[in-house]
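# Results of the structural survey
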Amino acid sequence: MRYEQLSGRFTKATDIAEREAERVADAFTSPLHEPRTAALLGMALGISFTACFVTGLLSHFAQYEPSWFMWPTRPAGLYRVTQGVHVLTGITSIPLLLAKLWSVYPHFLSWPPAQSVAHGIERLALLPLVGGSVFLLFSGTANVARWYPWTFSFPRAHYSAALITMGGLIMHIGAKWSLARDVLKTREVSYEDSELLEDTHARRAFIGGVAATSGLLFLATAGNTIGWLSNISGLAQRRPKDGPQGIPVNKSAFGAGVLPILSDTPYVLVIDGAVETPLRLTLDDLRQMPQRSATLPIACVEGWSASAQWTGIAIRDLLASAGSEPHAKATVTSLQPKGGYRISHLNAGQIADADTLLALQLNGEELHLDHGWPARLIGPNRPGVMQTKWVSHIEVI
Ligand code: HEM
Ligand code: HEM
Ligand SMILES: Nc1nc2c(c(=O)[nH]1)N[C@H]1C(S)=C(S)[C@@H](COP(=O)(O)O)O[C@H]1N2
Ligand SMILES: [Mo]
């Protein structure tokens, strides 16, 4: 009844949408299951998933640079912002997705599942959309909580799921756009009709509750990267000031297995590859070279970040002293014997930037072992995973 009053005002909704609406009207005894609720939550999800997708793609390109693209070094804090936004929009989407699925679940019970070929295709696209959304939010949350209940490569699976989900989302928007527009532009409050007014209040309370839950999740996680929120951010996995020398530690020297190596063999840095004179430099050699300081954040892919002052030798000076070409690239390797993060790459722009450092000091002190003593890479606008610690080898390409 109520539903018919509303749907009577649809003028531009497609036939399918209208028939579908009539057919399931009986199942929808609550205003929370009406298309207006689904459309409002859908709009919010459309915005948050697009923000997640764009920032996720940036993270992908920063780490796996295609040949036609060079990830820039400026602004120095860009990745800190984009990856912080990625994790925060992802986490705040969880209540939106749950509410949306709850709002539309009577559709899942409708029979037959499709009324026409077009409707069947539209509904098939829900599989990648819903499956992909659940997978993205689950795998992302587990990853930042450092719980890895899988054996596949997280970035690869998460990346593929993002492409599949966005494909499904585009089809879904195509299918629901006109219905969403119609229900959202209808004036919903009718002061003459008390039943309709009650529904409006119920829906507003529901949407308000979902928004408040998302807001709480935001506050509970944003302290990962916003220092003054860290005291109330109960779910933040890292606090910007917690850790040796005031910076969190991702992988400790013990965990990386570098302690025996550092204590058994004297440290040397090897610079070779496309250079005129391969170099072997001791820690004293490095300390005697011209030093430079820069204030740069560590911005982890997991969304936490913290800024510090780093002092060391500009990579470009280091490579120039070995006689490398100005537009070279380089591969940087850690003493760490195994693990995915022991190697990282520097593109030509990163080498050219004077603030890309082989750092020996953090906030005015010799690096802590856990922050990569004796020498670590730190550069502007680089994802944390690429700020390699315990650097022992630079190969110029
Ligand atoms: C992650 C994003 C989204 C997910 C997972 C999602 C999921 C769903 C599902 C499963 C349905 C039920 C469809 C059926 O069974 O036939 C649905 C319906 C709907 N969605 Fe979305 N949706 C999303 C985003 C959007 C967006 C961006 C819009 C805005 C255009 C939107 C508007 C709608 C509308 C209007 C309905 C129809 C509700 C009804 O007839 O009761 N959705 N959505
Ligand atoms: C709770 C939600 C989410 C969290 C916590 C999360 C977390 C993460 C993390 C930690 C990474 C870095 C992976 C790495 O390089 O090791 C990542 C990458 C990425 N995310 Fe998410 N994510 C979430 C939701 C989403 C959603 C909804 C999308 C797309 C719509 C998405 C798309 C991507 C993409 C494309 C990447 C790049 C993967 C790559 O490096 O190849 N994420 N995400
Ligand atoms: N050799 C090595 N370097 C590494 C890592 C690692 O596991 N091994 N972790 C990286 C990651 S994921 C981050 S976020 C930064 C964190 O630096 P920090 O521990 O000094 O804060 O170090 C990076 N450098
Ligand atoms: Mo990281």
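You'll find the structure just up there.
Before going into details, it helps to say that this report is about the structure given with it. (Residues numbered from 1 in each chain as written. Chains lettered and ligands numbered in written order. Predicted model: local features only at pLDDT ≥ 70, side-chain atom pairs only at ≥ 80, totals over all residues. Heavy atoms only, no water.)

This part is about the overall build of the protein. Looking only at helices and strands, one finds 13 helices and ten strands in the protein. Out of the 397 residues in the protein, the part that is buried amounts to 51%. Nonlocal contacts in the protein, meaning residues at least 24 apart in sequence, comprise 69% of its contacts between residues at least 6 apart. Of the roughly 19,200 Å² that the protein leaves accessible, carbon and sulfur atoms contribute 64%. (Helix = DSSP H or I, 4+ residues; strand = E, 2+ residues; numbered from the N terminus. Buried < 20%, exposed > 50% of the residue type's maximum accessible area, 1.4 Å probe, protein only. Contact = heavy atoms within 4.5 Å. Areas by Shrake-Rupley, 256 points an atom, 1.4 Å probe, with all protein chains shown as cover.)

Moving on, we come to the pattern of salt bridges. With the rule as written, the count across this model stands at nine salt bridges. A salt bridge links glutamate 122 to lysine 176, with the nearest nitrogen and oxygen atoms 3.0 Å apart. Remark: lysine 176 occurs in helix 7 (residues 154-185) and glutamate 122 occurs in helix 5 (residues 117-124); sequence separation between them is 54 residues. We note a salt bridge from arginine 287 to aspartate 284, for which the minimum N-O separation is 3.4 Å. Of this pair, arginine 287 and aspartate 284 both sit in helix 11 (residues 283-288), separated by three residues, roughly a single helical turn. We classify arginine 287 as partly exposed; its relative accessible area is 39%. Here the salt bridges do not stand alone but share partners, grouping Arg74, Arg292, Asp353 and Asp355 into one network. (Salt bridge = Lys/Arg side-chain N within 4 Å of Asp/Glu carboxyl O.)

What follows concerns the coordination of the iron atom of ligand 2. Donor atoms from the polypeptide that bind the iron atom of ligand 2 are His86 (NE2) and His158 (NE2), placed at 2.0 Å. Around the iron atom of ligand 2 sit six donor atoms; with metal-centred angles ranging over 85 to 179°, the donor geometry is octahedral. Placement of the pair is histidine 86 in helix 4 (residues 78-108) and histidine 158 in helix 7, with a sequence separation of 72 residues. (Donors = N, O, S within 2.8 Å, 3.2 Å for Na, K, Ca; no water. Tetrahedral: all angles 85-135°; square planar, octahedral: opposite > 155°, others 65-115°.)

Here we come to helix 8 (residues 194-222). Along its 29 residues, helix 8 runs 41 Å from first to last C-alpha, staying within 8% of the 42 Å computed at 1.5 Å per residue. For helix 8, the set of buried residues is Leu196, Leu197, Asp199, Thr200, Arg203, Phe206, Val210, Ser214, Leu217, Ala220, Thr221 and Ala222. (Expected span 1.5 Å × (residues − 1).)

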